[in-house]
Amino acid sequence: MDAARDRLDESSKEMEFQGCSFETAEDGTVVAISSKNVSDADRWETLPSLVPFPNLQKLELEKSRYITNLGNDLTALAHLKQLKLTRCSRLKQLPDSIGCLKQLQELDLTDSEMLECLPDSIGQLENLVALRLGSHLSSGNKVLLTLPASLGNLKNLQELILDKCKALTIIPDSIGKLSSLTVLQMRECKSVLQLPESIGHCINLVEVGMSKCMGLTALPPTIGHWTKLEDFVLAKCKNIQQLPDELGDCTALSLLDLRNCKKLESLPITLGNLERLRTLDLSTCKSLASLPACLGNLRRLESLNISGCIKLSDYPESIQHLKGITVGWDAVFSSSSSSSKKNQSGDAEETTTSAATASSDTA
């Protein structure tokens, strides 16, 4: 009787979710709702009550762009595992009650660019595996200033996406408690000025993307603890001047992307320890004046890009064998050679002229 009444309640409630797609369990109860294909005319300004769907496991409210808040009905969704709020462009905050979703594994807020903050209760999501706050299609979030310290309580978190959180200024020290984290993406977090040393405690990181983090001037030496790191992208970090020697301790590194790090002046000699490195991109590192001889130790290197490195003038003999896999080799070193010859020619001409002048004066 109760089950029948619950199904009746769900059936009548589905009328308020016009245009949404539903998935049901074998007993007919709704376990998933998606608004992905709802027409704009049918999109809500206020989210209908979710109380009649206590068995819901997946709630996808993609492009619900007129909703500004979620209300407190989330407390009724004890079985919810996936909550997708992508492109909810007017959503400003999450309710404190989100901490009640103990089974939640995925929270996706991609392209919800007006999100101003996360509640402290987010740290209660003990089963959360993926948290996505960044932007992909939109210009980015310009109002999210901080992340709660409770973020560090997410012991099972494996994926943290912060792309284009352009106003974010501080990464909390508690990030170091995310011992399960394997993916950290924070592209275009332009206002972050430094990374906490505790970030080195994220020892299971495999992929880190920090391109266009223009506020960064250096990296903490603790990144040397990232011994499982395979991909490290720092492209267009225009204010980084040097890399810590401890980078050489990231011995699993396969890809190191330093494109357009225009103030990078040198590379640590410890790069020679990266025996698994396959791709090293140094293109348009305009302040890079030399290449360390240790690059010759990188026997697995398949691609080296030095195009646009206008200050490079010579190369150590130890990397001569890398010429065949290097983009920009001839352009960089032939131009520097020509420049050198031109300078020598100019010096010789100046010497001859000086000598002639001296001879004339003597006469």
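Details of the structure are given in the entry above.
Quick summary incoming for the structure in this document. Everything numeric here is computed off the predicted structure, so don't read it as measured data. (Residues numbered from 1 in each chain as written. Predicted model: local features only at pLDDT ≥ 70, side-chain atom pairs only at ≥ 80, totals over all residues. Heavy atoms only, no water.)

**Thoughts on the overall build of the protein chain**
Okay, so step 1: A count of helical and extended segments in the protein chain gives two helices and 14 strands.
Okay, so step 2: When burial is assessed residue by residue, the protein chain has 47% of its 363 residues classed as buried.
Okay, so step 3: Contacts spanning at least 24 positions in sequence make up 54% of the contacts within the protein chain whose residues lie at least 6 apart.
Okay, so step 4: Carbon and sulfur atoms form 46% of the exposed surface of the protein chain, whose accessible area is close to 17,300 Å². (Helix = DSSP H or I, 4+ residues; strand = E, 2+ residues; numbered from the N terminus. Buried < 20%, exposed > 50% of the residue type's maximum accessible area, 1.4 Å probe, protein only. Contact = heavy atoms within 4.5 Å. Areas by Shrake-Rupley, 256 points an atom, 1.4 Å probe, with all protein chains shown as cover.)

**Comments concerning the state of the cysteines**
Okay, so step 1: Within the structure shown, the criterion is met by zero disulfides.
Okay, so step 2: No disulfide involves C237; its nearest neighbouring cysteine sulfur is the one of C213, lying 5.2 Å away.
Okay, so step 3: Accessibility expressed as a relative area gives 0% for C237, which makes it buried. (Disulfide = S-S within 2.5 Å.)

**Points about the nonpolar core**
Okay, so step 1: L107, M210, W226, F232, L258 and L282 are the most contacted members of the largest nonpolar core, which totals 97 residues.
Okay, so step 2: Mapped by element, the contributors of at least two residues to this core are strand 2 (30-34) and helix 2 (329-362).
Okay, so step 3: Here this core gets three residues from one element, more than from any other, and that element is helix 2.
Okay, so step 4: Dropping the residues within four chain positions of it, L107 is found in contact with L83, L85, L94, I98, I122, L128, A130, L131 and R132. (Core = buried A, V, L, I, M, F, W, Y, C linked by side-chain atoms within 4.5 Å.)

**Observations regarding the pattern of salt bridges**
Okay, so step 1: Inspection of every chain in the model, using the stated rule, returns 11 salt bridges.
Okay, so step 2: The residue D108 makes a salt bridge to R132 at a minimum N-O spacing of 3.4 Å. Placement of the pair is D108 in strand 5 (residues 106-108) and R132 in strand 6 (residues 130-132), with a sequence separation of 24 residues.
Okay, so step 3: On the accessibility criterion, R132 (18% relative accessible area) is buried.
Okay, so step 4: Residue R278 is joined to E302 by a salt bridge in which the shortest nitrogen-to-oxygen separation is 2.5 Å. Of this pair, R278 sits in the loop between strand 11 (255-257) and strand 12 (279-281) while E302 sits in the loop between strand 12 and strand 13 (303-305); the two residues are 24 residues apart in sequence, bridging distant segments of the chain.
Okay, so step 5: Here R278 falls in the partly exposed class, since its relative accessible area comes to 34%.
Okay, so step 6: On the accessibility criterion, E302 (48% relative accessible area) is partly exposed.
Okay, so step 7: Through salt bridges that share partners, K84, E106, D108, R132 and E159 make up one connected network. (Salt bridge = Lys/Arg side-chain N within 4 Å of Asp/Glu carboxyl O.)

**Let's talk about the environment of T251**
Okay, so step 1: Note that T251 resides in the loop between strand 10 (231-233) and strand 11.
Okay, so step 2: Sequence separation of T251 and L229 is 22 residues, and the distance between their C-alpha atoms is 7.8 Å.

**So, a positive patch on the surface**
Okay, so step 1: A cluster of like positive charges, contributed by K142, K190, K236, K238 and K286, occupies part of the molecular surface.
Okay, so step 2: Along the chain, the position of K190 falls in the loop between strand 8 (183-185) and strand 9 (207-209). (Patch = residues over 30% accessible without salt bridge, like charges linked within 9 Å, V, L, I, M, F, W, Y side chains within 5 Å. Lys, Arg positive; Asp, Glu negative; His and termini not counted. Charge placed at Lys NZ, Arg CZ, Asp CG, Glu CD.)

**Some details on the packing of aromatic side chains**
Okay, so step 1: Scanning the model with the defined rule gives eight aromatic pairs in all.
Okay, so step 2: Their ring planes at 75 degrees and their centres at 5.3 Å tell us that F17 and W44 sit as a pair that is edge-to-face. Pair noted here: F17 is in the loop between helix 1 (2-14) and strand 1 (21-24) and W44 is in the loop between strand 2 and strand 3 (58-60), with a separation of 27 residues, a long-range link. Accessibility classification places F17 together with W44 in one group, the buried group.
Okay, so step 3: Considering the side-chain rings of W226 and F232, the 5.8 Å spacing of their centres and the 80 degrees angle between planes classify their relative orientation as edge-to-face. Like F232, W226 is buried.
Okay, so step 4: Linked through ring pairs, F17, F22, W44 and F53 together constitute an aromatic cluster. (Phe/Tyr/Trp six-rings, centres within 6.5 Å; stacked < 30°, edge-to-face > 60°.)

**Brief notes about the side chain of R132**
Okay, so step 1: Looking at R132, its side chain comes within polar contact range of the side chain of D108, at 3.4 Å.
Okay, so step 2: Setting aside residues no more than four positions away along its own chain, R132 makes contact with E106, L107, D108, L109, T110, E159 and I161. (Polar contact = N/O pair within 3.5 Å; in protein donor to acceptor, adjacent residues only side chain to side chain.)

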